[in-house]
Amino acid sequence: MALYRSGLDPWADPLAALQRIQNEVNRAFGGTRPRAAPEFPPLNVWRGEDGVVVVAEVPGVALGDLEITVHQNTLTIRGRREPDVGGADVTFHRREREFGAFARTVTLPFHVDPDQVRAGAHAGILTIELPRPEAEKPKRIEIKTA
Amino acid sequence: MIDQTSGQQPVAEDRPETTRNRPVFSPPTDIYETADALVVSMEMPGVEPDGVDVTLDKRVLTITGVGTSVEPEGFALSHAEYRVGDYERAFTLSENIDRDGIEAALRDGVLRLTLPKVKPAPAKTISVKAG
């Protein structure tokens, strides 16, 4: 076994041995595994009895630059991240932020009335409240005994 | 670490642990230089203006931000692609910065710092008097 190297007693510190295995696995896979392009914006979805709240991190995007559409049970968020560089005569030291068009689609567990949907953005966090229509709410069925 | 949650910002490593049990992210940053200033723009979604702290100590510019979370009452998180945490980054500046002229603006979760360069002192002619 390659893991039991001479001079190293794996039982002296089992956590260190595990850590070493993890490091080796990460080294073997971490560098070669192609990372999927991160989806923008990242979404957190909150579910409750009264509906769904979708929260997204959209730094640098104003609410006016977002297009939120609801069709039946599909929510779509579209927008564009524009670079805020002023002037052409600039030299970049670091360029880590990403810009361009984005779109995300969320399939909801119920049909939504578009007039009931409320959206707000604050500090780069977009919140979309999607209430569940009364007709779509689960109904309690009374069981009658004969 | 093998990180499958690709949408998450990288967690800042190699620094002492924080007392608060929440991640500290290394926010994506653009830095560019114009003729008279250095501009830093950093994505910090969820940070309020009073949650940002910018310090320039000698040549080290440190920016920290405390993220606020949106937790709708009566709802349970069923799908998560990002975590709420704090932000921290530090840069060593090579330019001489006019400390009193630093401007910071936070808009839509993006912090924009304008660090004006120190203007070179105008050349001074020293007249030599004959003794």
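Residues numbered from 1 in each chain as written. Chains lettered and ligands numbered in written order. Predicted model: local features only at pLDDT ≥ 70, side-chain atom pairs only at ≥ 80, totals over all residues. Heavy atoms only, no water.

## Points about the interface of chain A and chain B
Then comes step 1: Residue-level contacts link 48 residues of chain A with 43 residues of chain B.
Then comes step 2: Roughly 3900 Å² is buried in total at the junction of chain A and chain B, and carbon and sulfur atoms are behind 53% of that figure.
Then comes step 3: At the boundary of chain A and chain B, one finds three salt bridges.
Then comes step 4: A salt bridge links Glu81 of chain B to Arg104 of chain A, with the shortest nitrogen-to-oxygen separation between them at 2.6 Å.
Then comes step 5: Linking chain A with chain B are 20 residue pairs in polar contact (both at pLDDT 80 or more).
Then comes step 6: Within the residue set of the side of chain A that touches chain B, elements represented by two or more residues are helix 1 (14-30), strand 1 (43-48), strand 2 (51-57), strand 5 (91-95) and strand 8 (125-131) of chain A.
Then comes step 7: Classifying every residue of the side of chain A that touches chain B by side-chain character gives 23 nonpolar, twelve polar and 13 charged.
Then comes step 8: One ladder, built from four bridges, connects strand 5 of chain A with strand 2 (residues 29-33) of chain B; its direction is antiparallel. Bridging from a neighbouring strand, Arg94 of chain A pairs with Ile31 of chain B of strand 2 of chain B. (Contact = heavy atoms within 4.5 Å. Buried area = accessible area lost by both parts, 1.4 Å probe. Salt bridge = Lys/Arg side-chain N within 4 Å of Asp/Glu carboxyl O. Polar contact = N/O pair within 3.5 Å; in protein donor to acceptor, adjacent residues only side chain to side chain. Helix = DSSP H or I, 4+ residues; strand = E, 2+ residues; numbered from the N terminus. Nonpolar A, V, L, I, M, F, W, Y, C, P; charged D, E, K, R; others polar. Pairing = 2+ DSSP bridges.)

## Points about the pattern of salt bridges
Residue and element names in this part refer to chain A.
Then comes step 1: Across all of its chains, the model carries ten salt bridges over all chains by this definition.
Then comes step 2: The shortest N-O distance in the salt bridge between Arg80 and Glu82 comes to 3.1 Å.
Then comes step 3: Judged by relative accessible area, Arg80 falls into the partly exposed class, the value being 45%.
Then comes step 4: On the basis of relative accessible area, Glu82 is assigned to the partly exposed category, the value being 48%. (Buried < 20%, exposed > 50% of the residue type's maximum accessible area, 1.4 Å probe, protein only.)

## Side note on the sheet that holds strand 6 (residues 76-80) of chain B
As a general point, the strands of a sheet are linked pairwise by backbone hydrogen bonds and lie either parallel or antiparallel.
Then comes step 1: One open sheet holds the five strands; their spatial order is 7(A)-8(A)-2(A)-1(A)-6(B), and the pairing between them is antiparallel. Pairing within the sheet leaves two strands with one partner each, and these edge strands are strand 7 (118-122) of chain A together with strand 6 of chain B. Averaged over all pairs of adjacent strands, the angle between strand axes in this sheet comes to 20 degrees, irrespective of strand direction. (Axes fitted to C-alpha atoms, helices over the stretch in contact; angles between N-to-C directions.)

## Some remarks on the environment of Asp115 of chain A
Then comes step 1: Within the secondary structure layout, Asp115 of chain A lies in the loop between strand 6 (100-107) and strand 7.
Then comes step 2: Classification of Asp115 of chain A as exposed rests on a relative accessible area of 70%.

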